[in-house]
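# What the coordinates show
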Amino acid sequence: MRLYVSEECELCDRAVAVLAAARAPDFECVCIEDDTELSARYGVRVPVLHDVSRDRDLGWPFDVGDVLRFLSA
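Quick summary incoming for the structure in this document. Here the structure is a predicted model, which is why all the values come from computation and not from measurement. (Residues numbered from 1 in each chain as written. Predicted model: local features only at pLDDT ≥ 70, side-chain atom pairs only at ≥ 80, totals over all residues. Heavy atoms only, no water.)

### Description of unusual backbone geometry
Heads up, the rule is: The way it works is that DSSP assigns letters per residue, a run of H or I at least four long becomes a helix, a run of E at least two long becomes a strand, and they are numbered from the N terminus.
Residues V46 and P47 are joined by a peptide bond in cis, for which omega reads 0°. Mapped onto the fold, P47 is located in the loop between helix 2 (36-42) and strand 3 (48-51). Between W60 and P61 the backbone carries a cis peptide bond, its omega angle lying at 5°. Take P61: it is sitting in the loop between strand 4 (56-59) and helix 3 (64-72). At E8, a residue that is not glycine, the phi angle is positive and equals roughly 50°.

This is how it looks when you write it as C-alpha cells:
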C-alpha cells in the first residue's frame with residue numbers, strides 16, 4: 001500500500017491518522033511533488049491510498065470504515 005501525499009498537507013496528516021486508527025497494514029507515504037507523472041495523476045486528489053497489487057485507489061475523504069472495506073475488497 002502507498003499513501004500518496006504532498007508536503008505540508010493537513011488532509012494528508014489526517015489520512016495517516018485514519019490509517020493508524022484502522023490499523024492498516026504497512027504502507028509507505030510517497031510525496032508526489034517531485035514526480036511529474038504522480039503529480040499529474042494525483043496532484044489535486046491527495047491524499048490517496050493506492051493498492052499497488054490491485055492498482056486501485058481510495059481517494060480522500062475516507063474514514064476507518066472506508067479503509068477497512070477497501071482493504072478487504
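### Observations concerning the sheet that holds strand 4
Cut-off, in case you're wondering: At least two bridges found by DSSP between two strands are what make those strands a pair. Here an angle of 0 to 180 degrees is reported between the N-to-C directions of two axes, which are lines fitted to C-alpha atoms, with helices fitted over the stretch in contact. For this analysis, residues touch if any pair of their heavy atoms sits within 4.5 Å.
On the basis of which strands lie adjacent, the open sheet formed by four strands has the order 2-1-3-4 and mixed pairing. Looking at strand neighbours, the two that pair on one side only are strand 2 (28-31) and strand 4, the edges of this open sheet. Neighbour to neighbour, the strand axes of the sheet diverge by 30° on average, direction disregarded. Here three bridges tie strand 1 (residues 2-5) to strand 3, and the two strands are oriented antiparallel to one another. Bridged to R2 within strand 3 is H50. Packed on one face of the sheet, helix 1 (residues 10-21) meets strand 1, strand 2 and strand 3 and runs near 160° to strand 1.

Read these as spatial facts, not as claims about activity.
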